[in-house]
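Chain by chain, the residues run as shown.
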Amino acid sequence: MIILTLQRTACVRFYISNSDVIICGDDHSLCCSLFWLLLNLVSTSRTCAYISCPPAVNFTVGRPAQTTPPCENFDPATAFVQTVNAGDRLKVGWTSGNRGGGFVRLALAPYKTPLYVSTFNKNVLKVTCFGSDQRLGKYLFGSCNHPCNGRGSCAYPKTANTERFDTGITIPTNLAAGRYILQLKAYAGVFQQPIYSCAMLQINGGNTNLKCTPNSGFTAPSCVTASAPGFSTLVAASSYGSFCYSKTGTSSIDANVNVAPVNLDCDPRQTCEFANSPELCSPSIFRAIVAPQVSPHAAACPTPAF
């Protein structure tokens, strides 16, 4: 038998016949699928989804997702700052929050106070899949057990859109040096509210003389979806920013998708602490995650990266 213990965390609260345990028989896949479905149907749940590579400006482990724009409340004096150079590849990943299916919008804006929703809306970098667990019997009706087959440290996506709770971006080459806010906006699983999360970047080496014409309109990537609001809701009132992605001003955000990111060691999965079933999460994290409460990463990555 497998025993699945319901975790009473800040993210999810479950009340099932006053019991904290569901006991599964021999049909593990069916049982686990029914377990996750039950979590969706009977929980008064919030989700723990937020940007984790680079770390969010408010990186409290297992905190509920931010559902009001544009970012989490944070102290700029203590927020993690990811330093990058113009043209670098950056791995951008997020915690699953035990959710699967949906879309992510990434936007970039100069760090100024206050931060305005409209500034992010007109400076979109990329739209991609939120992610879902593609393994047999591990995903059902918008739910999966964190990390939901999320990609770990020392690995990175080599295609523009994936279902592994991460993506890659090229740092724009036409920005003035300074602090910027990378914003994630997402609709995920059956969660009916938008999820917002932000990370702080220090961008160096840009050439403000480069001028590029933004893409017009959005095309929905092919992603698994559940019952959360869809792609058109995500990109409403949005437009691509006038970003350049090469030293000459041409190219696209994923033209060099095969180049390893500067934060290759970052692990977006962060921890098993807020998994619905931590005992099923732990075996999937085979490389130890260092400093999960500050900057989750591997102690070292093999060469070459995979």
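Everything numeric here is computed off the predicted structure, so don't read it as measured data.

*Asks:* Lay out the state of the cysteines in plain terms, naming residues and giving numbers.
*Replies:* Enumeration according to the criterion identifies seven disulfides in this entry. Paired by a disulfide, Cys 53 and Cys 266 hold their sulfur atoms 2.0 Å apart. Between Cys 53 and Cys 266, the disulfide has an S-S torsion of -100° and is therefore left-handed. Taken together, the residues span a long stretch of sequence, with Cys 53 in strand 3 (residues 51-53) and Cys 266 in the loop between helix 3 (231-234) and helix 4 (278-281) at a distance of 213 residues. The disulfide that involves Cys 154 links it to Cys 301, with 2.1 Å between the sulfurs. Judged by the sign of its S-S torsion, about -80°, the bond between Cys 154 and Cys 301 is left-handed. Of the two residues, Cys 154 is situated in the loop between strand 7 (124-129) and strand 8 (166-170) and Cys 301 in the segment after helix 4; the sequence distance between them amounts to 147 residues.

*Asks:* Let's hear about the packing of aromatic side chains: which residues, and what values?
*Replies:* Following the criterion strictly, the structure yields eight aromatic pairs and no others. Ring geometry for Phe 103 versus Phe 231: centroids 5.3 Å apart, planes at 70°, classification edge-to-face. Of this pair, Phe 103 sits in strand 6 (residues 102-110) while Phe 231 sits in helix 3, and the two are 128 residues apart along the sequence. Classification of Phe 231 by relative accessible area gives buried; the value is 13%. With centroids separated by 4.5 Å and ring planes inclined at 35°, the aromatic side chains of Phe 218 and Tyr 240 adopt a geometry described as tilted. Note that Phe 218 is positioned in the loop between strand 10 (195-204) and helix 3 and Tyr 240 in the loop between helix 3 and helix 4, a separation of 22 residues in sequence. By relative accessible area, which is 17% here, Tyr 240 ends up buried.

*Asks:* Can you tell me about the pattern of salt bridges, naming the residues and giving the values?
*Replies:* What the rule picks out here adds up to six salt bridges. The salt bridge partner of Arg 63 is Glu 72, with a shortest N-O separation of 2.5 Å. The same class applies to Arg 63 and to Glu 72, which are both buried. Through salt bridges that share partners, Arg 89, Lys 126 and Asp 254 make up one connected network.

So, how was this worked out
- Residues numbered from 1 in each chain as written.
- Predicted model: local features only at pLDDT ≥ 70, side-chain atom pairs only at ≥ 80, totals over all residues.
- Heavy atoms only, no water.
- Disulfide = S-S within 2.5 Å.
- Helix = DSSP H or I, 4+ residues; strand = E, 2+ residues; numbered from the N terminus.
- Phe/Tyr/Trp six-rings, centres within 6.5 Å; stacked < 30°, edge-to-face > 60°.
- Buried < 20%, exposed > 50% of the residue type's maximum accessible area, 1.4 Å probe, protein only.
- Salt bridge = Lys/Arg side-chain N within 4 Å of Asp/Glu carboxyl O.

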